[in-house]
Amino acid sequence: MAQEKSEFLKGTLDMLILKVVALGPIHGYAISQRIQQISKDFFQVPQGSLYPALHRLEDRGWLSADWRESETGRDAKFYTLTRKGRRQLETELVYWERLSDAVAMILRTAE
Amino acid sequence: MHWLRRLFRKEHSEKQLDAELRFHMERQIADFIAKGMPPQEARRRVRLDFGGLEPIKQATRESRRGHLLETLFQDLRYASRMLRKNLGFTIAAAITLALGIGANTAIFSIVNASILRPLPYKDSARIVQISAHTAMFPKFSLGISWLNLDQIRAQASSLELTSAYSETDKTLTGSGEPTLLSVASVTDGFFEELGVTSQIGRLLIPDDAKAGQNFVAVISDSLWQTRFAADPNVPGKTLVLDKQPYTIIGVAAPRFTFPSSEQAWIPFSPSAADRQNAKYFMLQTIGKLRVGEKPEKLNAQLDSIAQQFMKDHPEVGVYRFSSEPLLSSSVSDTRDAFLMLLAAATFVLLIACANLASLLLARGSGRQREMALRAALGASRGRLLRQGLVESCLLALIGGVLGIVLAAQGVELFRAIAPPDTSRLSEISVDSTLLWFSVLTSLIAGVLFGIVPARRASRMDPNEALKEGTGSNLGAARSGRQSRLGNALVTLEVALAFILVVGSVLMTLTLSRLLHQNPGFRTDHLLSFDLPQPAGVPSEKGKDYVKQQSNHLREIVEKVRTIPGVVEVTTSDHGVLKGMMMQQGGLIVDGAIPAPSKESRNANARYVYPDYFHVMGIPMLRGREFSDRDNGDTDSKVVVNAAMAQEYWGTLDVVGRRLSASTDDKGKPTWSEVIGVVADAREVALRDEPSPTYFLSALQGTVGSLHLLVRTQTDPDALGTTISRQIWAAYPDQPVTHLMTMSRNISESLGDERLRSVLLTVFAGIGFALALVGVYGVVSYSVAKRVQEIGIRMALGAAPRDVLRLVIGQGFLPVVLGVVIGAVAAAALTRLVASQLYGVKASDPPTFLGAAALVLVVALIACCIPARRAMRVDPMVALRYE
């Protein structure tokens, strides 16, 4: 079951991360906390998916990263949305809206 | 460029990744503690959550783009470390591959250069050789006449160009020792058709053939280099051929030579009579098909030309043309032998591959635990698969490189031992195409033999594999499957090796039978050499030509006879054991019995000097042989061999009968009386059964070139130089060629047979050795796997003898099966090479039995070594093992 959930997340995880990072520089742990909080514990991002995704996004140039002092005083890797990342996020949001509209429409008509 | 930078700052990025994940972990722990969880419980929860740092790190690493390249380096490093660690295995595998690839590449280079690669002429694939065939000489492909050439040029519309040539040997005199030169007289269009250019001066043009201005010559690059020191002003200089000065007009492009190893080309200027002669079978003809034209269409056109020709010229009798691609007509005799060698080399490669596969299989299962451990530590399935492939490809490349070195050596060896007249010998080399061929072969081998063990390793469950080794049922089932595969490979290797052994024995027996074949004449203390175009003979055939020539002949023979150490001297018009024979048209035998078969029969002719049979040691069966009195002043006489007497008269008592070898000017037979019958001898080739032959007196006929046979008292080798020096002293312009003892002559005439025998024996040796290593490896491996089982058996009371029987029984069964399969396959395959055998049948039972015994006994020994090790297993040690 857990396996299926993370599979489902795979397409949307990237978008969720980009959206969270868009709010300002943030480190990996905070990203997972933020996603969990906002979704009211619906999404729990496993570390095994989070970090590969972060590195993939960084690798594609959508996120940039630097080491700076965290709120506890320890150095942490903070991710920032790049301009390229912002464009990507916009594309994905548009796509997501159309997708969810379409899905909702089918569900309504099928009633 | 993130990924590239990361590639070089790998350590740094590893540290960062670690720090990033640790930060996450610690923050989470801190959060849990802040929520009131006891610190120990918090840590446990987080660690459980993470489920191990390594797999996460691995997944993160793999999400980067540079990952593939980065890990390829890792894999390569790892692979080379593993190969270094298992040096024994690496060396065995690399040598195995090198031998297989080396043998195959070498033979393929040779085959490619000699029978596959297009001839080095323009559009050579479209060039066909056109020959004539008559009822009188059914076995020979003859040249065509000028009349035919004109008709073909006019009527064979499928040909774009047609030209002809005729090869002759001419004596080159002038500066340096007189030498014999291969010269071709060529018609117009010859150079154009072959696409040749000149590097200096010009080539022949049609006007050069006009009488009075036809003494011009184009010389080859090599003649230009050797005789004219690459003088750029060579056009205009003189080349003296057969005492006739020719003006050099140009030098052909480097490396060009055609039809064989021609050094000069002169215009073909036939006499008016030759031009009209329907039975002038002298023009070797090459035609170039138009683009897109089929050979069938040409053949149809040639057929209709021949039909018309037979109507117009009834004197030629049954007449037809044939056409054959130039390439196949120039290599037809070597094709079968080369294809056989190619097959043998392929067998060696197959054996090598099978060997490598079993080595990798054995090692693959030995490394299951290592693979399992790596899988448990987070290596993905694909990664393990790739790792295995990288390793086997690296191994294959090492083998491939070694193989190329071996191939280059092999080609050199071939060039050294191949008979000098092997077609296109000089073109043979390892070229870049073949380099790629072998690199590709080795990579394919690497992928094929790496993928099976690697897939197996990547598919297994780490849990099971790590638990295995204590003899779980699963492990036993898997190793059972593995040993079945191993056994199948052994069977294959043994079968192929058996075929190779049988082939090499058959070829070696052939060589030995030929070497021991009694030729019917005495071969010891016999020296032979050629005097091509004997100097001092008038070139115009005048009235006293025969007389002048025989005087000259006597002079030469006497000159040689007086050399100390020479016992007797005689001559023949063509060489002994040179594979040459002459058949004259129009042989009429008086009182001949009807031919046993419908095929037209013919006999070989040979012009010999008095005492020929005595000097050669061929026994006279009836009558007498030629003496000095059988010369131009007396009636023509003939001596026949026993085969001829039996074939034509059915008896040996034929002295006094007569035959006619030629007709006079008015077409009337010129009869010769039989004065003697000699025993059959193999003067043409050791392989050939003696065929009907008649001998005419050299003093009564016209002889082109001279072959001298000298019986010596002492070592004939020592006399050679003395003889040629004496001849040059008397006749400064006389070339002396092919000077050698009869034993060397015999050995050279068996060059092809020797080559086949040597190469097949080398291949059989390699294949056999590899197969034995395979047998040994598989049995050793199965013993190593079963040490525990053997220990238990011994603990339960099995005697060492039982263990020996168990191990040998299992290891030997695939060998026996291999021999059986090999024997069946060999019986089928050797039939294909039956024509290359002599004195031994393709299915020679002693050969098959001997080869089987050899393979079985040696394989048994290979089984015994690991079996003895098994026998000495100490049950206590074996049970404590693991």
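Calculation criteria
- The numbering scheme is per chain: residues are counted from 1 as the chain's sequence reads.
- Ligands are numbered from 1 and chains lettered from A, in the order in which they are written.
- The predicted nature of this model means local features are confined to residues of pLDDT at least 70 and side-chain atom pairs, given and counted, to a pLDDT of 80 or more, with totals for whole chains, interfaces and linings taken over all residues.
- Elements are defined by DSSP. Helices are runs of H or I of four residues or more, strands are runs of E of two residues or more, and each kind is numbered from the N terminus.
- Each residue is classified by how many other C-beta atoms fall within 10 Å of its C-beta atom, where C-beta atoms are placed from the backbone; a count of 20 or more means buried, 12 or fewer means exposed, and values in between mean partly exposed.
- We call two residues in contact when their backbone-placed C-beta atoms lie within 7 Å.
- In this analysis, axes come from line fits to C-alpha atoms, helices being fitted only over the stretch in contact, and the angle between any two N-to-C directions falls in the range 0 to 180 degrees.
- Any angle from 65 to 115 degrees is called roughly perpendicular, while one under 35 is roughly parallel, one over 145 is roughly antiparallel, and all others are oblique.
- Note on convention: near helix rotated counterclockwise from far helix by under a right angle means a left-handed crossing. Clockwise means right-handed.
- Any residue that is not Ala, Val, Leu, Ile, Met, Phe, Trp, Tyr, Cys, Pro, Asp, Glu, Lys or Arg is counted as polar, Gly included; the first ten are nonpolar and the last four charged.
- Given the number of residues in a helix, its expected span is that number minus one, multiplied by 1.5 Å.
- Throughout, the arc means the angular range of directions from the helix axis out to the C-beta atoms.
- Pairing between two strands requires that DSSP report at least two bridges joining them.
- The term nonpolar core refers to a set of buried Ala, Val, Leu, Ile, Met, Phe, Trp, Tyr and Cys residues connected through C-beta atoms within 7 Å.
- Confidence scores labelled pLDDT are given residue by residue by the predictor and lie between 0 and 100.

> Sorry, what's going on with the overall build of chain A here?
Along chain A, the regular secondary structure elements total four helices and three strands. Seen in sequence order, chain A has helices and strands lined up from the N terminus as α-β-α-α-β-β-α. Taking all 111 residues of chain A together, 26% fall into the buried category. Within chain A, counting contacts between residues at least 6 apart in sequence, those at least 24 apart form 50% of the total.

> Honestly, the overall build of chain B in this entry has me stumped. Any pointers?
Counting secondary structure elements, chain B contains 27 helices and 22 strands. The burial tally for chain B puts 40% of its 882 residues in the buried class.

> Explain the packing of helix α3 (residues 47-59) of chain A against helix α4 (residues 53-62) of chain B to me, please; I cannot follow it from the model alone.
Between two packed helices, the angle of one axis relative to the other and the distance separating the axes together describe the packing. Look at α3(A) against α4(B): their axes get within 8 Å of each other, and the N-to-C directions meet at 25°. Here α4(B) runs roughly parallel to α3(A), going by the angle between their axes. In this structure, the crossing between α3(A) and α4(B) has a hand that is right-handed. Taken together, the residues of α4(B) that come into contact with α3(A) (itself represented by A:Gln47, A:Gly48, A:Tyr51, A:Pro52 and A:His55) are B:Pro55, B:Ile56, B:Ala59 and B:Thr60. A per-class count over the contact of α3(A) with α4(B) returns five nonpolar, four polar and no charged.

> How should helix α4 (residues 83-109) of chain A be read in this particular structure?
An α-helical turn contains 3.6 residues, so any two residues separated by three or four positions project in the same direction. Over its 27 residues, α4(A) runs 39 Å from end to end, which matches the ideal 39 Å to within 8%, given 1.5 Å per residue. With two of its 27 residues buried, α4(A) lies for the most part at the surface.

> When you look at the interface of chain B and chain A in this model, what are you seeing that I'm missing?
Where the parts come together, the accessible area they lose is often given as the size of the interface. Facing 17 residues of chain B, the contacting portion of chain A comprises twelve residues. Where the side of chain B that touches chain A is concerned, the elements lending two or more residues are α1 (2-8), α2 (10-34) and α4 of chain B. Taken together, the residues of the side of chain B that touches chain A sort by class into seven nonpolar, six polar and four charged.

> Hey, could you run me through helix α20 (residues 642-649) of chain B in this one?
All names here are of chain B. Buried residues of α20: Ala642, Met644, Ala645, Tyr648 and Trp649, and no others. Buried residues of α20 fall within an arc of 165° about the axis and therefore sit on the same side. Packing partners of the buried residues in α20 comprise β14 (588-589), β16 (620-623), β17 (637-641), β19 (669-678) and β20 (693-697).

> What am I meant to see in the packing of helix α7 (residues 146-155) of chain B against helix α11 (residues 295-312) of chain B here?
Residue and element names in this part refer to chain B. Two elements in contact, α7 and α11, have axes separated by 10 Å at closest approach and are oriented at 135°. One finds that α7 runs oblique with respect to α11. For the pair α7 and α11, the sense of crossing is right-handed. Facing α7, whose interface residues are Asn148, Gln151, Ile152 and Gln155, α11 presents Gln301, Ile305 and Phe309.

> Any chance you could explain the environment of B:Val787 here in plain terms?
Residues and elements named next belong to chain B. Examined against the element boundaries, Val787 turns out to sit in helix α24 (residues 787-795). Residue Val787 is classed as partly exposed on the basis of its 18 C-beta neighbours within 10 Å. Val787 sits 82 residues away from Arg869 along the chain, and the two C-alpha atoms are 9.7 Å apart.

> Is there a simple way to explain unusual backbone geometry in this structure?
Negative phi characterises most residues that are not glycine, and trans characterises most peptide bonds. Backbone torsion omega between B:Phe258 and B:Pro259 reads 5°, so that peptide bond is classified as cis. Inspection of the secondary structure assignment puts B:Pro259 in the loop between β7 (244-252) and β8 (264-267). Positive phi, normally seen in glycine, also occurs at A:Asp41, with a value near 70°. Summarising the element assignment, A:Asp41 is placed in the loop between α2 (28-38) and α3.

> So what exactly am I meant to see when it comes to the environment of B:Phe268 here?
Mapped onto the elements of the fold, B:Phe268 is located in the loop between β8 and α10 (272-276). With 102 residues separating them along the chain, B:Phe268 and B:Ser166 place their C-alpha atoms 8.1 Å apart.

> Can you help me understand the sheet that holds strand β3 (residues 75-81) of chain A in this one?
Neighbouring strands of a sheet are bound in pairs by backbone hydrogen bonds; such pairs are parallel or else antiparallel. All names here are of chain A. Taken in spatial order, the three strands make up an open sheet running β1-β3-β2, and their pairing is antiparallel. Where the open sheet ends on each side, the last strands, each with one partner, are β1 (26-27) and β2 (63-69). Sheet topology note: the β1/β3 ladder contains two bridges and is antiparallel. Opposite Ile26, over in β3, you have Tyr79 as the bridge partner.

> Whenever I open this one, the environment of B:Asn631 confuses me. Can you help?
Considering the arrangement of structural elements, one finds B:Asn631 in the loop between β16 and β17. As for B:Asn631 and B:Gly701, which are separated by 70 residues in sequence, their C-alpha atoms are 8.6 Å apart.

> What am I meant to see in the nonpolar core here?
If you look at soluble globular proteins, the nonpolar side chains tend to sit buried side by side. Residues and elements named next belong to chain B. Counting 159 residues, the largest nonpolar core has Val348 and Phe498 as its most contacted members. Counting residues per element, this core draws most heavily on helix α12 (residues 326-366), which supplies 19 residues. Filtering out sequence-adjacent residues up to four positions away, Phe498 remains in contact with Gly818, Val819, Gly822, Ala823, Ala826, Ala851 and Val855. Counting residues in hydrophobic clusters, the runner-up holds 55 residues, among them Ala132, Leu149, Val186 and Ile200.

> I would appreciate a short explanation of the pairing of strand β12 (residues 566-572) of chain B in the present structure.
One face of the sheet, then the other: side chains in a regular strand alternate in exactly this way. Residue and element names in this part refer to chain B. Of all seven residues that make up β12, five are buried, and the element is covered over most of its length. Two strands pair when backbone bridges link them, and β12 and strand β21 (residues 706-712) are joined in this way by six bridges, in the antiparallel orientation. Along β21, the bridge assignment pairs Ser572 with His707.

> Before we go on, may I ask you to explain the confidence of the model for chain B in this structure?
Atomic detail in the predicted coordinates should be set aside for any region of low pLDDT. All names here are of chain B. Looking at chain B, the pLDDT average stands at 82 and 89% of residues meet or exceed 70. Within the model, the stretch residues 469-477 combines pLDDT values under 50 with eight contacts to residues more than four positions away or in other chains. Among the prediction metrics, the complex's ipTM stands at 0.84, with pTM recorded as 0.70.

> Just to check I follow, could you spell out the confidence of the model for chain A for this structure?
Residue and element names in this part refer to chain A. Looking at chain A, the pLDDT average stands at 83 and 88% of residues meet or exceed 70. Mean pLDDT values over the elements of chain A span from 69, in helix α1 (residues 2-22), up to 92, in β1. In this model, residues 1-8 is a region of pLDDT below 50 whose contacts with residues beyond four sequence positions or in other chains number two contacts.

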